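Each chain, written out:
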Amino acid sequence: MMEFARTALRYVPDALLPGTRPKPVRGQHGHVGEPVSRIDGALKVGGTARFAAEVKLDGMLYAALVHSTIAKGRIASIETAAAEQAPGVALVMTHRNAPRMKAPKGMMDGGGVAGSSLPVMQDATVHWNGEAVALVLAETQEQADHAAALVRVAYDPAPALTDFSVARGKAKRPDSVLMEPAAVTIGDAEKALAKAPHRVDRRYTTPRHNHNAIELHAATVAWDGDTLILHDATQMLNGTAGTMAGVFGIQPEQVRVLSPFVGGGFGGKGLWTHQILAAAAARLAGRPVRIMLSREGVYRLVGGRTLTEQRVAIGADAEGRFTALIHEGVAAMTAHNNCPEQFTFPARHLYAAGSFRLEQTIAEMDMLANTFMRAPGESVGTFALECAIDELAETMVVDPIELRRRNEPERDPTSGNAFSSRHLTKAFDDGAARFGWDRRDPVPGRRREGEWRIGMGVATATYPYLRMPGNAARIRIDAHGHATVSTAGHEMGMGTATVQAQHAADRLGLPLDSVTFEYGDSALPAGAMAGGSQQTVATLAAVTAAAEALIKELLRIAGNDSPLAGLRLADVVAVDGGLAQAGDPTRHERYASILARAGRDAVEAEAKAPLPLEMLKYSMHSTGAQFAEVAVSDVTGEVRVRRLLGSFDCGRILNPKAAASQFRGGIIMGLGLALTEETLFDARTGRVMNPSLAEYHVPVHMDVPEIGVIWTDLPDPHAPMGARGIGEIGITGVGAAIANAVYNATGTRVRDLPITLDKLL
Ligand code: MOS
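Presented here is a report on the structure given in the accompanying data block. Keep in mind that what you see is a predicted model, and the values were worked out from it rather than measured. Throughout this document, residue positions are counted from 1 along each chain, in the order its sequence is written. Local features in a predicted model are, by the rule used here, given only for residues with pLDDT of at least 70; side-chain atom pairs are given and counted only at 80 or more, and totals for whole chains, interfaces and linings are based on all residues. Only hydrogens and water are set aside when side-chain values are computed; all heavy atoms of the structure are taken into account.

## Overview of the overall build of the protein
Inference 1: What the protein contains, in helices and strands, is 19 helices and 31 strands.
Inference 2: Here the C-alpha radius of gyration of the protein, 27 Å, is about what a compact globule of 761 residues would show, namely 27 Å.
Inference 3: Counting only C-alpha atoms, the protein reaches 80 × 70 × 50 Å along its principal axes.
Inference 4: Relative to its full complement of 761 residues, the protein shows a buried share of 62%.
Inference 5: We call two residues contacting when some pair of their heavy atoms lies within 4.5 Å. The long-range share in the protein, meaning contacts at least 24 apart out of those at least 6 apart in sequence, stands at 81%.
Inference 6: Approximately 27,400 Å² of the protein is accessible, and the part contributed by carbon and sulfur atoms is 52%. The secondary structure listing takes helices from DSSP runs of H or I that are at least 4 residues long and strands from runs of E that are at least 2 residues long, numbered from the N terminus. Computation of the radius of gyration draws on C-alpha atoms, with the globule rule given as 2.2 Å multiplied by the number of residues to the power 0.38. The classification of residues rests on relative accessible area computed with a 1.4 Å probe and restricted to protein chains. Under 20% of the type maximum is buried, over 50% is exposed, and intermediate values are partly exposed. Values of accessible area rely on a 1.4 Å probe in the Shrake-Rupley scheme; residue burial ignores everything except the protein chains shown.

Put into structure tokens, the structure is as follows:
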């Protein structure tokens, strides 16, 4: 999702570059930085927050899907009569009767957001094992599920490339990876590596992962003439509206996407085939439709993280300074999506080195399109890179934190740009002190407690600062001085509504309960996508612009009888429910008073966030240090994580309560990446073999130890409100920190995730 920011920024003329520093905060009232509890918390705990599959529409039908059982080929015959005659069935839709639709525009190939750019149910072709080949609509979900089981499909299979060991042999270098070059070469790294007095050269592998948000993917759809209303579980309202409009040949304004609550997104709550099929079926049946994927359905239709094979080689001189840094490898992808899992990106920005060779290739396979999943690229890339650094430190008999310190760069090592703000060394120091890193025994296998061997590990966390341009916000102040801030943003559980209300309250000089934050509706001013850890900051920028436009308008209508007469935007602060002259609180007038004198019920203003031009000048990244302590059983090989600590440098933290929760959630996902999560993909058939939470293991409560979270809280001078993103960095580095701790405990290096007990016996 981050490519939007990068694409748009490519075309910014140089002349626009100066003057990108954020303006000082006006009328700071101190809500920002407070641990305010979630505004939507009570709605969720009380069960009154209405999710996409809980919207009830008159005459609504329920959908069930039939999935293909071959990876490639054609539907030879499809027998629907039994399903059509089953109780309650209103429609069976297949490629034979589905409305004609254009193929959805995919991510990175034409401004769409679909997970795949394949046409949906338009002919007899099968593209992956699990693709939807029929959809049944019935009066109840049970009737739809039953009838779907009665559909009989026969196939003419075609040879499919479903074996990664074969696909890897045909891997090729893409033109670019998320708008960046697929290869970065500085100097001759292989030569420098060969000459280095200290070196490691290792291969690491990471498996496929599937999205398992608690809320299943769902949509409730209705047509009103040629207007489509889509109640969706999405992290991309505006993109979904535009892409759906393209599919059905209508204008983007004719699609309204509503998504006030999302039960977890992580990159997976995008536009997949189920929303398109539901809308098509609703049109065909002439009635509203509810579709909710089964858990298995999510595995069949919603992409996840792809697998990678990575090589990291590091050469160092006698003092441990890197002379060569090589990170290369291959990821699996399809021909109809563009999500290359940018695992070489961390190595572009983290360490100084005399030479670099960073390069990744893609092996195309016949499978469901892979997609973004919390810190795509960085999560698995840091596993390989940060394990290799630990291995080099071991070889050199140097503390792994000290080795990183010796290679801390002055500027971005591959772009040469200055960092906007970087305090990674402080994050390591603070984390080491809090975690008690000095208690680590550098010799593996020496710490024991009965059958348990104890070890400690550390790794760097990193995630880029991104921003999508083009988002807007509207602010309306009513006669009582109550502000409504509106933007098509998303609340997936990260605290969007709360943090934005905190910011708007400060920005307007209002108490928190005088602000309503309105979001989750594509009819509102265009919002930022909730992806790439950029929504919060992108929205702050839009709200700031709208607040300035609003204050200008208020000063205009205040007129000559106001204590504010003659003042301009630059002269005033927002304070005490109104505006005042900066430095002279006696020249103050409340919003309600301004509106009353002007005879207005409300004043409103809308503005777009300025282009995030600072991203062109600076290397902007959140960073951090992840610490893990594990116990490994001598008897069973079982790994228990006993303690985790994340120490982050993400700029200013806007709401410590929401932020700590975001960091912890990411770290727990990293624990799953390290120890439990693996999508089992049958190389013979291309079929996912463990499509359920019974067989795909995410960490459960008993797997999760105490997780400490600390941060530098040092504002980034080049980001709005000094804040960088925090949503994704939590997962990064955790895999390596745990793998390094397992090595410290046992003396066994596991370079193939997940670290299951069979690999330790
Ligand atoms: Mo994120 S993987 O951009 O939701």
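## Some points on helix α18 (residues 656-675)
Inference 1: For a helix, the expected span equals 1.5 Å multiplied by the number of residues minus one. Along its 20 residues, α18 runs 28 Å from first to last C-alpha, staying within 8% of the 28 Å computed at 1.5 Å per residue.
Inference 2: When you tally the buried positions in α18, you get 14 out of 20 residues, the bulk of the element.
Inference 3: Pairing of N or O atoms within 3.5 Å defines a polar contact, subject to two protein rules: one partner must be a possible hydrogen donor and the other a possible acceptor, and residues neighboring in sequence count only if both atoms are side-chain atoms. One side-chain oxygen at the N-terminal end of α18 lies 2.9 Å from the backbone nitrogen of K657; it belongs to N655.

## A few points about unusual backbone geometry
Inference 1: Here the bond from L753 into P754 is cis, since omega is -5°, no more than 30 degrees from zero.
Inference 2: One can find P754 in the segment after α19 (734-746).
Inference 3: In this model, L178 sits at a positive phi of 45°, which is unusual for a non-glycine residue.
Inference 4: Mapped onto the elements, L178 comes out in the loop between β7 (176-177) and β8 (180-181).
Inference 5: Overall, L178 belongs to the buried group, its relative accessible area being 1%.

## Thoughts on the sheet that holds strand β19 (residues 448-449)
Inference 1: With mixed pairing, the five strands of this open sheet are ordered in space as β19-β20-β29-β30-β31. Looking at the sheet topology across the chains shown, the edges are occupied by β19 and β31 (706-711).
Inference 2: Running over the sheet, α18 touches β29 (621-633), β30 (639-649) and β31 and is turned about 125° from β31. By definition, two strands form a pair when at least two bridges between them are found by DSSP. Note on geometry: axes are C-alpha line fits, over the in-contact stretch for helices, and angles between N-to-C directions span 0 to 180 degrees.

## Comments concerning helix α7 (residues 237-248)
Inference 1: The end-to-end C-alpha distance of α7, which contains 12 residues, comes to 17 Å, matching closely the 16 Å that a straight helix rising 1.5 Å per residue would cover.
Inference 2: Taken as a whole, α7 has its buried residues at L237, T240, A241, T243, M244, A245, V247 and F248.
Inference 3: The secondary structure elements touched by the buried residues of α7 are β11 (218-224), β12 (227-232), β13 (255-258) and α8 (273-285).
Inference 4: With its phi angle positive at about 65°, G249 sits one or two positions after the end of α7.

## Here we look at the nonpolar core
Inference 1: Counting 91 residues, the largest nonpolar core has I314, F627, V630, F663, I738 and I755 as its most contacted members.
Inference 2: Dropping the residues within four chain positions of it, I755 is found in contact with V639, A674, L675, A739, V742, V750 and L760.
Inference 3: Counting 62 residues, the second-largest nonpolar core is a separate cluster that includes M93, A98, I276 and A528. For this analysis, a nonpolar core means a set of buried residues of the types Ala, Val, Leu, Ile, Met, Phe, Trp, Tyr and Cys, connected via side-chain atoms within 4.5 Å.

## Considering the pairing of strand β14 (residues 289-292)
Inference 1: Taken together, the two bridges between strand β1 (residues 61-67) and β14 define a ladder with parallel strand orientation. Along β14, the bridge assignment pairs L61 with V289.
Inference 2: As paired elements, β11 and β14 share four bridges and run antiparallel to each other. Counterpart to V221 in the pairing with β14 is V289.

## With respect to the packing of aromatic side chains
Inference 1: Working definition: rings of Phe, Tyr and Trp (its six-membered ring) pair if their centres are within 6.5 Å, and the pair is stacked with planes under 30 degrees apart, edge-to-face with planes over 60 apart, and tilted otherwise. Enumeration according to the criterion identifies 11 aromatic pairs in this entry.
Inference 2: For the ring pair W437 and F627, a centre distance of 5.8 Å and an interplane angle of 70° mean the geometry is edge-to-face. Within this pair, whereas W437 is found in the loop between α13 (424-435) and β19, its partner F627 is found in strand β29, the two being separated by 190 residues in sequence. Each of the two residues, W437 as well as F627, counts as buried.
Inference 3: Put simply, the rings of F428, F435, W437 and F627 touch in pairs and so form one group of aromatic residues.
Inference 4: Each ring is checked for a lysine NZ or an arginine CZ that lies within 6 Å of its centre and within 35 degrees of its normal; such an atom marks a charge sitting over the ring. Over the ring of F681 we find R208, and its NZ or CZ is 3.7 Å from the ring centre.
Inference 5: Above the plane of the ring of F419 lies R422, whose end atom (NZ or CZ) is 4.7 Å from the centre.

## Details of the pattern of salt bridges
Inference 1: By definition, a salt bridge exists where a carboxyl oxygen of Asp or Glu is found within 4 Å of a side-chain nitrogen of Lys or Arg. Inspection of the entire model under this criterion finds 47 salt bridges.
Inference 2: R311 is the salt-bridge partner of E328, the closest N and O atoms lying 2.8 Å from each other. Here R311 lies in strand β15 (residues 308-316) and E328 lies in strand β16 (residues 322-333), a separation of 17 residues in the sequence.

## What about the sheet that holds strand β25 (residues 578-581)?
Inference 1: With antiparallel pairing, the three strands of this open sheet are ordered in space as β24-β25-β26. Each end of this open sheet is capped by a strand with a single partner; those strands are β24 (572-575) and β26 (584-590). In this sheet, neighbouring strand axes are inclined to one another by 30° on average, regardless of whether the strands run parallel or antiparallel.
Inference 2: Two elements, β25 and β26, share four bridges in a ladder whose sense is antiparallel.

## Structural notes on the side chain of Q360
Inference 1: Take Q360: it is sitting in strand β17 (residues 356-364).
Inference 2: Judged by its relative accessible area of 1%, Q360 is buried.
Inference 3: Engagement of the side chain of Q360 in a polar contact is seen with the backbone nitrogen of F343, the distance being 3.4 Å.
Inference 4: Setting aside its immediate chain neighbours within four residues, Q360 contacts R173, P174, V177, A182, G329, P340, E341, Q342, F343 and T344.

## Concerning the packing of α7 against α8
Inference 1: With their axes 11 Å apart at the nearest point, α7 and α8 run at an angle of 50° to one another. Considered as vectors, α7 and α8 are oriented oblique to each other. Judged by the sense of rotation from one axis to the other, the crossing of α7 with α8 is right-handed. On α8, the residues touching M244, V247 and F248 of α7 are Q275, I276, A279, A280 and R283.
Inference 2: Considered class by class, the residues forming the contact of α7 with α8 number six nonpolar, one polar and one charged. For classification, angles of less than 35 degrees are called roughly parallel, those exceeding 145 degrees roughly antiparallel, those between 65 and 115 degrees roughly perpendicular, and all remaining angles oblique. The hand of a helix crossing depends on one turn: near helix anticlockwise from the far one by less than a right angle means left-handed, and clockwise means right-handed. Ten residues, namely Ala, Val, Leu, Ile, Met, Phe, Trp, Tyr, Cys and Pro, are considered nonpolar, four, namely Asp, Glu, Lys and Arg, are considered charged, and the remaining ones, Gly among them, are considered polar.

## Details of the environment of L277
Inference 1: When you line up the elements, L277 lands in helix α8.
Inference 2: On the basis of relative accessibility, which here comes to 1%, the residue L277 falls in the buried class.
Inference 3: Sequence spacing of L277 and G320 is 43 residues, and the spatial spacing of their C-alpha atoms is 57 Å.
Inference 4: Not counting residues within four places of it along the chain, the set of residues in contact with L277 comprises L65, M93, V120, M121, A132 and L135.

## Here's the deal with the packing of helix α14 (residues 496-508) against helix α15 (residues 535-558)
Packed helix pairs are characterised by how far apart their axes lie and by the angle those axes make with each other.
Inference 1: α15 packs onto α14 with a crossing angle of 30° between their chain directions and a minimal axis gap of 10 Å. On the basis of the axis angle, α14 is roughly parallel to α15. Seen along the crossing, α14 lies across α15 with a hand that is right-handed. Residue-level contacts link T496, V499, Q500, H503, A504, R507 and L508 of α14 to Q535, T536, T539, L540, V543, T544, A547 and L550 of α15.

## Details of the environment of L358
Inference 1: Structurally, L358 can be placed in strand β17.
Inference 2: Judged by relative accessible area, which is 0%, L358 ranks as buried.
Inference 3: Residues L358 and T185, 173 residues apart in the sequence, show an inter-C-alpha distance of 6.5 Å.
Inference 4: Sequence-distant contacts of L358, defined by excluding residues within four places in its chain, comprise A182, A183, V184, L325, I326, H327, T344, A347, R348 and T414.

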